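Per-entry structural report
Here is what each chain is made of, one letter per residue.
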2 protein chains.
Amino acid sequence: MDVARAAGVSTAVVSYALNGRRGVAEVTRERVLRVADELGWRPATAARSLRAGPGAAALVAVHDGAAGARAGSTLDLVTAASEILDDGDVTLAVHAASSVEHAAHLMRRWWAERRYAGFVVTGLRTEDARLAALRHLPAPVVLIDEPLVPTPAAWRSVVLDDATAFAQVGEFLADLGHRRVAMLTGAEGLLATRRRATAIRSALAGSGIEFDAVSGDGVDRAAAAVGSLLSSGSRPTAVVTDDDVTAGIVLDVARRLDIAVPWQLSVVAGTDSPACRLTTPSLTAVPYPVHALGNAVGHALLGVLRADDAKGEKAPQTKPVDVGGLLIRGSTAPPTP
Amino acid sequence: MDVARAAGVSTAVVSYALNGRRGVAEVTRERVLRVADELGWRPATAARSLRAGPGAAALVAVHDGAAGARAGSTLDLVTAASEILDDGDVTLAVHAASSVEHAAHLMRRWWAERRYAGFVVTGLRTEDARLAALRHLPAPVVLIDEPLVPTPAAWRSVVLDDATAFAQVGEFLADLGHRRVAMLTGAEGLLATRRRATAIRSALAGSGIEFDAVSGDGVDRAAAAVGSLLSSGSRPTAVVTDDDVTAGIVLDVARRLDIAVPWQLSVVAGTDSPACRLTTPSLTAVPYPVHALGNAVGHALLGVLRADDAKGEKAPQTKPVDVGGLLIRGSTAPPTP
DNA sequence: TTGAAAGCGCTACCAC
DNA sequence: GTGGTAGCGCTTTCAA
C-alpha cells in the first residue's frame, strides 16, 4: 500500500487506523489518516468486499407503467434513504427493470454474484415474483409495504400508515354528507392501492354509503374510467384517486362535463404533490411523506444488514410511517342536492 | 471452486469456459457450463473486479428540485440504457444526491474506491461542480447534453436534438401569426433549458417577433411567473414551457384569468408526456424520446468503457438523438386579434 | 503497539 | 487442452 509506505508503517496498521480499530497508537493513527487524506486514498471496494462481503444494497425499480404516482418519487425516496446511510458505509443503488419478473431475475443473479448485501423492494404486487425469488435466498430484504403473505423473520417492512389516512378520508366525506363515493385505484395488482381502497371501504361500511372502486391503470385507462364514472346516471358525488395525476384528470373531465368541483363533485387526491396545490380548485389530498418514508427505509436497511452480520439479534420491526392528517383544500365540499 | 470440483476440472478451465475463451475442449466447456448452471453459480463480482476493475457505471441523479420535468424520467432513461447494457456485462446503477456538489463528491469518492468504471452525468448546469470534479479524474464519462466548455477527448456526449425541435416551435408559432411569444424556462442554471430558449430565440430573430424567456424554477415559482406573465398588459399570445407540468399550470392560470386557450393564448409544452394528451385542450408538445435517448446512453457508455480498456481506439462521438416533429394538438392556434 | 503473512475468489500466465 | 499458481488489495489472525 502506498499509504503504508508513505506513513512508514505496515499495511495492517493502515487498515486498523482507517477502520477505527483500537490497538493503534493515537499518533500513528493520526499520521496514517493524514497521509491517506493527502494521497486521496480510499480502500478499493472490490478488495474490501472480497473479504467482508458487499457493502451496498440495491433497489430494483419496476417501470412497467403500473407503479402509479409513486413511481416518480422513487428517487426522492432513495435520496431520503441515502441521508441515513451516508453516516455508515452502506450505499443504496437503484436499478431499473421493465417488469417484476425481470427485477426478480436481476436480484437473484446479483445475489449469486455477491454483488449486493441486500435488497429493497417497493411497489409490491399481490402475486409478486420478487418475493417468490427472494424468499429462497438468505438475502436481507426491506419491504416497502406490508405483504399479504408471511415473510422470512429476518426481513423488515417499512409501512406507510395510509390505511389510517384513507379511513380518515372516508369519514371526512361521510361527515360532509356524501352518499355515493368512488375510488379510482391504480393498477389492480398493486397492494398499496388495494389496502387504501379497503381502508376507505371499511370506514364507510355500515353508514349506508355507496362505495365503488374502479381500476384505472395508466393515464389513458384512468381517463377512460373517469369518463364513464362521471357520465353514468348515478354518478358519485365524491371521487378519491390513488395518485395526483389521476386527480388532475378527474378535475379536467369534470370541467368538460360541466360538473362543478367541489359543489357537484368532491375530489380527493390519494397522494399529495406540489401540483395538487396549483390546480383550480386546489386538490384536497392525503399527504405523502416520501422523506420520512425514505428515512425509515434507510434505518430498516441498516437494521437488516447489521442483523445479517451478527446473526444473533433479530431486526426489530419498524413502526408505520405516519402519514399525517388530510390536507383539506378547495376540491371538497358538502354535496349540493 | 465448487464448480471446478463438481465438473472434475481445474479452476482455470472453469474460468476459461465461462468467459468464452478459446483453448477449452467443446465438451468440457459444455459440461462446465451445465454444472455451473445447475449449481446456480455465478462469479463473485468482488473477486472479478479485484483483477479486472469494476464492471459497473453509475449515474448520480441530483434531486434538488431544479432538474425540471426530466427528473421524473431518469429511471425511464436508465431502463432504456439497461436494455442495451444487458447484452454485455456492464450495469448502470443510479444513486441520488441532494445537490450537484454532493453528486460530485460521491463520484470522486467512488472513483477513488474503484467502485465504478465510469459515470453518466445528466442535467448539466452552466457551472457544474461535477464536470470540475470529473475533469481531473481519468474516469470515462458519458454526458447527457453538450457542455459549454470543452471536455476530455475520451468522454462522450449524448445530445438530444431539441435545438432543432425548438427552432421548429418558433417557426410554427411565427407561421400561425403570433407576434409576442414567451418561454417559461426551467432552472436558470440548466444548460438544456438555455439551449432550448436560445434555439427558439434565434428562430424568431429578424422576424420582428417579440420573444421573452422568463425563469420559473420549481412549481411554485413557475406558477407565480405564469401569473405575472399572463396578467401583464402586453401579455404574449403564445407561451412555450420547458416541461409538461408547467404547461399544465399555464392552462390552469389562463382558465382562471378567462383567457381562452388556444384562441387567446397558444401553449406549447416543451416536453411531451402522457398527461399532455389528457388536458383540455390537449397540449401541443415537443416529443421527448426518452427511450431513444436511453438507448443512446447505453451505447455511449459501452463505447467509453471499451475505449478505456483498449486505450487505442477513441470513443467515436454519437449522433444527436432525433426528437422528431412537433406534436400538434389542441392548445395552439392563430392568435385572434 | 506493530509487522509478517494467510487468504477472500477470481483470471491469466506458464508449464505440461 | 488442461492444471498449477501468482497476485489483484484489502482485513485479520498470529508473533514479535
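Residues numbered from 1 in each chain as written. Chains lettered and ligands numbered in written order. Predicted model: local features only at pLDDT ≥ 70, side-chain atom pairs only at ≥ 80, totals over all residues. Heavy atoms only, no water.

In the annotation of an unreviewed UniProt entry, chain A is listed under the name LacI family DNA-binding transcriptional regulator and assigned to Myceligenerans crystallogenes.

Observations concerning the protein's contact with DNA strand D
Under the convention used in this document: We define proximity as follows: a residue is near a molecule or strand when any one of its heavy atoms falls within 4 Å of that partner. For helices the rule is a DSSP run of H or I covering at least 4 residues; for strands it is a run of E covering at least 2, with both sets numbered from the N terminus onward. Put simply, Ala, Val, Leu, Ile, Met, Phe, Trp, Tyr, Cys and Pro go in the nonpolar bin, Asp, Glu, Lys and Arg in the charged bin, and everything else, Gly too, in the polar bin.
The full set close to DNA strand D counts 28 residues, and Tyr 16, Arg 21 and Arg 48 of chain A together with Gly 23 and Ala 25 of chain B are the nearest of them. Atoms of DNA strand D within 4 Å of the protein: sugar and phosphate make up 66%, bases the balance. Among the elements of the structure, α2 (11-18) and α4 (45-52) of chain A together with α2 (11-18) and α4 (45-52) of chain B are those that each provide at least two residues to the surface near DNA strand D. Classifying every residue of the surface near DNA strand D by side-chain character gives 14 nonpolar, eight polar and six charged.

Looking at the nonpolar core
Put simply, the rule reads: Definition used in this section: a nonpolar core is a set of buried Ala, Val, Leu, Ile, Met, Phe, Trp, Tyr and Cys residues joined via side-chain atoms within 4.5 Å. Only protein chains enter the accessibility calculation, which uses a 1.4 Å probe. A residue is then buried if its area is under 20% of the maximum for its type, exposed if over 50%, and partly exposed in between. We call two residues in contact whenever any of their non-hydrogen atoms come within 4.5 Å of each other.
One finds Leu 92, Val 240 and Leu 301 of chain A together with Leu 92 and Leu 301 of chain B to be the most contacted residues of the largest nonpolar core, which totals 98 residues. Among residues more than four places away in sequence, those in contact with Leu 92 of chain B are Val 94 and His 95 of chain A together with Ala 57, Ala 58, Leu 59, Val 78, Ala 81, Leu 85, Val 120 and Leu 301 of chain B. Within the second largest apolar cluster, 48 residues are counted, among which are Ala 58, Val 62 and Leu 137 of chain A together with Leu 191 of chain B.

Brief notes about the protein's contact with DNA strand C
Selection criterion: N or O atoms within 3.5 Å of each other form a polar contact, as long as, within protein, one can give a hydrogen and the other can take it, and as long as residues adjacent in sequence are counted only when both atoms are side-chain atoms.
As a structural note, the neighbourhood of DNA strand C is formed by 25 residues, with Ser 10 and Thr 28 of chain A together with Arg 21, Trp 41 and Arg 48 of chain B the closest of them. Sugar and phosphate atoms form 66% of the subset of DNA strand C atoms that lie within 4 Å of the protein. Here a base nitrogen of DNA strand C sits 3.1 Å away from a polar atom, N or O, in the side chain of Arg 51 of chain A. Contact distances for DNA strand C include 3.2 Å between a base nitrogen and a side-chain N or O atom of Tyr 16 of chain B. Among the secondary structure elements, those contributing two or more residues to the surface near DNA strand C are α2 and α4 of chain A together with α2 and α4 of chain B. Per-element accounting of the surface near DNA strand C gives the leading share, four residues, to α4 of chain B. Here the surface near DNA strand C is composed, by residue class, of 14 nonpolar, five polar and six charged.

Thoughts on the interface of chain A and chain B
Stated precisely, the cut-off is as follows: Accessible-area loss on putting two parts together, using a 1.4 Å probe and summing over both, is the definition of buried area adopted here. Counted as salt bridges are all cases of a side-chain nitrogen of Lys or Arg within 4 Å of a carboxyl oxygen of Asp or Glu.
The partner chain B presents 48 residues to the 48 residues of chain A that form the contact. The contact between chain A and chain B buries some 4000 Å² in all, and 57% of this surface belongs to carbon and sulfur atoms. Considering only the side of chain A, the residues that lose the most area to chain B are Arg 42, Leu 75 and Leu 278 of chain A, jointly responsible for 16% of the buried surface there. The tally of links between chain A and chain B comes to four salt bridges. Arg 277 of chain B is the salt-bridge partner of Asp 220 of chain A, the closest N and O atoms lying 2.5 Å from each other. Taken together, the links from chain A to chain B amount to 19 residue pairs in polar contact (both at pLDDT 80 or more). The element best represented in the side of chain A that touches chain B is strand β2 (residues 91-97) of chain A, accounting for seven residues.

Looking at the relation of the copies chain A and chain B
So the rule is basically this: Overlaid copies result from least-squares superposition on C-alpha atoms, with residues included only where pLDDT is at least 70 in both.
Least-squares fitting of chain A to chain B yields an RMSD of 0.0 Å, with the transformation described by 0.0 Å of translation along the axis and a rotation of 180°. This pairing of chains is accounted for by a two-fold axis. Same-surface contact between copies: 100% of interface residues of chain A are shared with the interface of chain B.

Regarding the side chain of Ser 157 of chain A
Inspection of the secondary structure assignment puts Ser 157 of chain A in strand β5 (residues 156-158). Setting aside residues up to four positions removed in sequence, Ser 157 of chain A forms contacts with Leu 143, Asp 145, Glu 146, Pro 147, Gln 317 and Thr 318 of chain A.

Quick notes on the packing of aromatic side chains
What describes a pair of aromatic rings is the distance from one ring centre to the other and the angle between the planes of the rings. Going by this rule: Centre distance within 6.5 Å is the pairing criterion for rings of Phe, Tyr and Trp, where only the six-membered ring of Trp is used; planes under 30 degrees apart are then read as stacked, over 60 as edge-to-face, and the remainder as tilted.
Tallied over the full model, the rule gives six aromatic pairs over all chains. Aromatic side chains Trp 110 of chain B and Tyr 116 of chain B sit 5.8 Å apart centroid to centroid with 70° between the ring planes, which places their arrangement in the edge-to-face category. Look at Trp 110 of chain B and you get buried, because its relative accessible area is 3%. Linked through ring pairs, Trp 110, Trp 111, Tyr 116 and Phe 119 of chain A together constitute an aromatic cluster.

Concerning unusual backbone geometry
All names here are of chain A. For the bond running from Val 261 to Pro 262, omega is 10°, close enough to zero to count as cis. Assignment of secondary structure puts Pro 262 in the loop between α11 (244-256) and β9 (266-269). Positive phi, normally seen in glycine, also occurs at Arg 114, with a value near 50°. For Arg 114, the position within the fold is in the loop between α6 (100-112) and β3 (118-121).

Observations concerning the sheet that holds strand β7 (residues 210-215) of chain B
All names here are of chain B. Basically, it comes down to this: Paired strands, as defined in this entry, are two strands with at least two bridges between them according to DSSP. Helix axes are fitted only over the stretch in contact, all axes being lines through C-alpha atoms; the angle between N-to-C directions runs from 0 to 180 degrees.
The strand order across the open sheet built from five strands is β7-β6-β8-β9-β10, with neighbouring strands paired in parallel fashion. Two strands bound the open sheet, and with one partner strand each, they are β7 and β10 (284-285). Running at roughly 165° to strand β9 (residues 266-269), helix α11 (residues 244-256) makes contact with β6 (180-185), β8 (238-241) and β9 of the sheet.

Observations regarding helix α9 (residues 191-204) of chain A
Residue and element names in this part refer to chain A. Rules: By this rule, a helix spans an expected 1.5 Å times one less than how many residues it contains.
Spanning 14 residues, α9 covers 20 Å between terminal C-alpha atoms, matching the ideal 20 Å at 1.5 Å per step. For α9, the set of buried residues is Leu 191, Ala 192, Thr 193, Arg 196, Ala 197, Ala 199, Ile 200 and Leu 204. Where α9 is buried, its residues touch α8 (162-176), β6 (180-185), β7 (210-215) and β8 (238-241). Where α9 ends, the next residue or the one after it, Gly 206, has phi of about 90°, a positive value.

Examining the environment of Tyr 16 of chain A
Residue and element names in this part refer to chain A. Tracing the backbone shows Tyr 16 in helix α2. C-alpha separation for the pair Tyr 16 and Val 32, spaced 16 residues apart in sequence, amounts to 9.8 Å. With residues near it in sequence (within four places) discarded, Tyr 16 still touches Arg 21, Val 24 and Arg 29.

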